[in-house]
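Structural overview
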Amino acid sequence: MLNYTIRRLLLAIPTLIAISLIIFLLLDLAPSDPTANLPLTIPPEVREKIRQSLGIGDPIYIRYLLWCKQFFVNEPLNILEQVFGWDFGGDRLRVLSWQTRSPVVDLIVQRMPQTLWVVGMSYIVGVLIAVPIGIYSAYKQYSWFDQAGTFVSMVGFSVPTFFTGVLMIVIFSVWLGWFPSIYDTTHVVTDWQSFVFQVRQMAMPVFVLALFNAAQISRFMRASMLDNLNLDYVRTARAKGMKERTVLLVHVLRNSLIPVVTVIALGVPQVFGGAIITEQVFKVNGLGQLLIIAIQGGDLPTVQTLTFIFAVLIILFNLIADVLYGILDPRIRYD
Amino acid sequence: MSDTAQAPLVQVRGLKMHFPIHAGLFRRHVGDIKAVDDISLDIFESETLGLVGESGCGKSTAGRAIISLYTITDGSVEIDGVDLAQLDSNSLRAMRPKMQMIFQDPQASLNPRMSVASIIAEPLVEHMSLSSSERLARVYELMDAVGLNRAFAERFPHEFSGGQRQRIGIARALALNPKFIVCDEPIAALDVSIQAQVVNLLEDLQKQFGLTYLFISHDLSMVRHIADRVAVMYLGKIVELAPRDTLYSQPLHPYTQALLSAVPEPDPVSEKDRRHIILKGDVPSPANTPTGCNFCTRCPIAEDICRQIDPEFREITPGQFVACHFVGETTKSTGENTTGTIAQH
């Protein structure tokens, strides 16, 4: 397993280099102009100077290699310096956002907590809702609970979050006034009162996203449980005289979780990617919102860096899913 | 051989196992698959009752219904004097140590995520209070009894061959010292070379532990080898139940005769002269059984009465029960000398 993991990690290096090149070339082909959002009164020659100062004039391979050096060498060194207090010396050029002129990595670090709290929490809540629903729906297949669960998951899956989000705002903020409709990023949790406020402002975005996640995962869970419930070893367990609870939660659940765990692991990168639309609806300024603003502003370094980080996460969690598969299922051996 | 004086260990009376069919827009109950339809039999202590029949006749369902792996539709099953149909789920669980089952597919019937030791030990944890070292000792003892190397205790089922997996299944069934074991085609999924080993193992264990078997199989020669008495099933019903030698030498029911005539003869000379009774048509659907005798659609000697009245399951000679209108009173031959040929060897 360890050999396998190391081999996969080594294989990831050329993959990531290829991905970074593709991302870079694709974005470079896009006809976006970082100065397009500037006031029209700025004369063309000044605009051209701004572009040159951003480095757009250089040939593409120079810009690519420069970005690679900044991202793979300078930024990790910077992080090491900050975390361990070391000093590597020298003045390193960082990946700078064209819009804000601040390092992209710093922007990401600022945005990360909101995304992790809201989107991450919604993923956890979604899984916690989905797994029991999936188990019970499968166990009582075609019961009213199963029918209702299947219907809700179909609705959750097919109704987009920009609809449920706005609907929630209308019902719970406008009519009932229970929750604030805008997420306050500057809010700091210091005592019980502020904690309650934090929970209240998180409630709606978390619920909207959790419904969406739970819809998918509960269907996976249900299908996987159904696959296993009819297998012979379940009958064996009953013949052994095990309690129904044990049959269900030890024999069937453990085997059904194998594919579900991998699906859950593969979904984690989406959490970091942020929920672009939901974050917009509730004004959570997380990573998703950072990405959309950067795209609108033609801020290529930010878009490149964010997209590349998502690619890294996807490859990483694919590997984690495969390794988990091997750990959970004794029939799978990678070596 | 059965001893009619002693009380049977398993007493099945009027056992019915119907599976409902739901169809249409509102999934209304439109009928039943009569997998097992009114069977009665006794199994005596330390005997082996063979249950034979073609695929889909309800053998396996009968076996599962007898040890209450299904909730039976009607009838009663008494094991050791306790009527299983009356028990709630907890008391039924308490009865599980007395009755066990060896399953057909040794691969699918073992949990792929559990090691051999934990598969065998699980019923011990549930039903006995043993310390972990006692439990391990018992697991090793069982592995020895079925001829598995102790060193394999921590391996997983997929790491074994078919025969070894079936030995795991047998060890698991034996773990709680059951009195009665339903062997549901335990050798059907195995290579011929392994079948004999497993059957011999089952026989040895029967002698060693005084086990009672219900041996379900479609392999007539294997049943002849292992069973004391044999029941023949057709379309959810038992058509003939007799001591082994009687059944193989003087089959009375036309279906049994046809079934036995299909067993090939190793001697090519006598095989050449043998007549086979070839049944015409297919087995009717168990969801839509014929009126009268279930076998009337394919029976070579069927008459009008067979299509109207379901024949009673009667004792013709001591120990030999047959469900056919023509047996006993007017002996009506199938017109072929199958019976005689089979009696010869």
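Note: the structure precedes this text.
Since this is a predicted model, take the numbers as computed values, not measurements. (Residues numbered from 1 in each chain as written. Chains lettered and ligands numbered in written order. Predicted model: local features only at pLDDT ≥ 70, side-chain atom pairs only at ≥ 80, totals over all residues. Heavy atoms only, no water.)

1. Some points on the packing of aromatic side chains
Summed over the entire model, instances satisfying the criterion amount to 21 aromatic pairs over all chains. Ring geometry for A:Trp67 versus A:Phe71: centroids 5.3 Å apart, planes at 10 degrees, classification stacked. Remark: A:Phe71 and A:Trp67 occur in helix α3 (residues 60-84); sequence separation between them is four residues, near one turn of the helix. For A:Phe71, a relative accessible area of 14% gives the class buried. Grouped by ring-pair contacts, the aromatic residues A:Phe24, A:Tyr64, A:Trp67, A:Phe71, A:Phe72 and A:Phe308 constitute a single cluster. The lysine or arginine in question, B:Arg27, covers the ring of A:Tyr142, its NZ or CZ lying 4.9 Å from the ring centre. (Phe/Tyr/Trp six-rings, centres within 6.5 Å; stacked < 30°, edge-to-face > 60°. Helix = DSSP H or I, 4+ residues; strand = E, 2+ residues; numbered from the N terminus. Buried < 20%, exposed > 50% of the residue type's maximum accessible area, 1.4 Å probe, protein only. Lys NZ or Arg CZ within 6 Å of the ring centre and 35° of its normal.)

2. A word on the environment of B:Pro284
Residue and element names in this part refer to chain B. Of note, Pro284 is situated in the loop between α10 (268-273) and α11 (304-308). Placed eleven residues apart in sequence, Pro284 and Phe295 show a C-alpha to C-alpha distance of 8.8 Å. Beyond its immediate chain neighbours, meaning those up to four positions away, Pro284 contacts Tyr234, Leu235, Pro290, Asn294 and Thr297. (Contact = heavy atoms within 4.5 Å.)

3. Some details on the nonpolar core
Residue and element names in this part refer to chain B. If you look at the biggest cluster of nonpolar residues, it comprises 67 residues, and the most contacted ones within it are Ile170 and Leu202. Here this core gets six residues from one element, more than from any other, and that element is helix α3 (residues 116-127). Not counting residues within four places of it along the chain, the set of residues in contact with Leu202 comprises Ile102, Ile170, Cys183, Pro186, Tyr213, Phe215 and Ile226. Counting residues in hydrophobic clusters, the runner-up holds 35 residues, among them Cys57, Ile67, Val77 and Leu84. (Core = buried A, V, L, I, M, F, W, Y, C linked by side-chain atoms within 4.5 Å.)

4. Here's the deal with the interface of chain A and chain B
Taken together, the contacts link 19 residues of chain A with 24 residues of chain B. Where chain A abuts chain B, roughly 2100 Å² becomes buried across the two surfaces, and 57% of that area is made up of carbon and sulfur atoms. For the pair chain A and chain B, the number of links is two salt bridges. Among the salt bridges present, the one from A:Lys240 reaches B:Glu122, with a minimum N-O distance of 2.9 Å. There are 16 residue pairs in polar contact (both at pLDDT 80 or more) connecting chain A and chain B. Secondary structure elements with two or more residues in the side of chain A that touches chain B: α8 (232-239) and α9 (244-273) of chain A. (Buried area = accessible area lost by both parts, 1.4 Å probe. Salt bridge = Lys/Arg side-chain N within 4 Å of Asp/Glu carboxyl O. Polar contact = N/O pair within 3.5 Å; in protein donor to acceptor, adjacent residues only side chain to side chain.)

5. Let's talk about the environment of B:Gly319
All names here are of chain B. Along the polypeptide, Gly319 turns up in the loop between β11 (314-317) and β12 (320-322). Classification of Gly319 as partly exposed rests on a relative accessible area of 22%. Distance from Gly319 to Ala302, taken between C-alpha atoms, is 25 Å for residues 17 residues apart in sequence. Excluding residues that lie within four positions of it along the chain, Gly319 makes contacts with Leu241, Ala242 and Pro243.

6. What about the side chain of A:Ser194?
All names here are of chain A. Within the secondary structure layout, Ser194 lies in helix α7 (residues 192-229). Residue classification places Ser194 among the buried positions, given a relative accessible area of 8%. Filtering out sequence-adjacent residues up to four positions away, Ser194 remains in contact with His187, Val188 and Val189.

7. Re the state of the cysteines
Residues and elements named next belong to chain B. A complete count under the given rule lists zero disulfides over all chains for this structure. A disulfide-free cysteine, Cys57 has its sulfur positioned 14 Å from the sulfur of Cys293, the nearest such atom. Exposure remark for Cys57: the relative accessible area of 3% places this residue in the buried category. Free of any disulfide, Cys324 has its nearest cysteine sulfur in Cys299, 6.1 Å distant. (Disulfide = S-S within 2.5 Å.)

8. Digging into the pattern of salt bridges
All names here are of chain B. For the structure on display, the rule yields 25 salt bridges over all chains. One salt bridge in this structure joins Asp80 and Lys98, with 3.4 Å as the shortest N-O distance. A residue pair is termed long-range when its members are at least 10 positions apart, and Asp80 in the loop between β4 (74-79) and β5 (82-83) and Lys98 in the loop between α2 (89-95) and β6 (99-102) qualify at 18 residues. With relative accessibility at 31%, the residue Lys98 sits in the partly exposed group.

9. Thoughts on the sheet that holds β4(B)
All names here are of chain B. With antiparallel pairing, the four strands of this open sheet are ordered in space as β2-β1-β4-β5. Single-partner strands in this sheet number two, and they are β2 (28-43) and β5. As paired strands, strand β1 (residues 10-23) and β2 are joined by twelve bridges and run antiparallel to one another. Within β2, the position partnered with Gln11 by the bridge is Asp42. With respect to the sheet, helix α1 (residues 59-66) is in contact with β1, β2 and β4, its orientation differing from that of β1 by roughly 115 degrees. (Pairing = 2+ DSSP bridges. Axes fitted to C-alpha atoms, helices over the stretch in contact; angles between N-to-C directions.)

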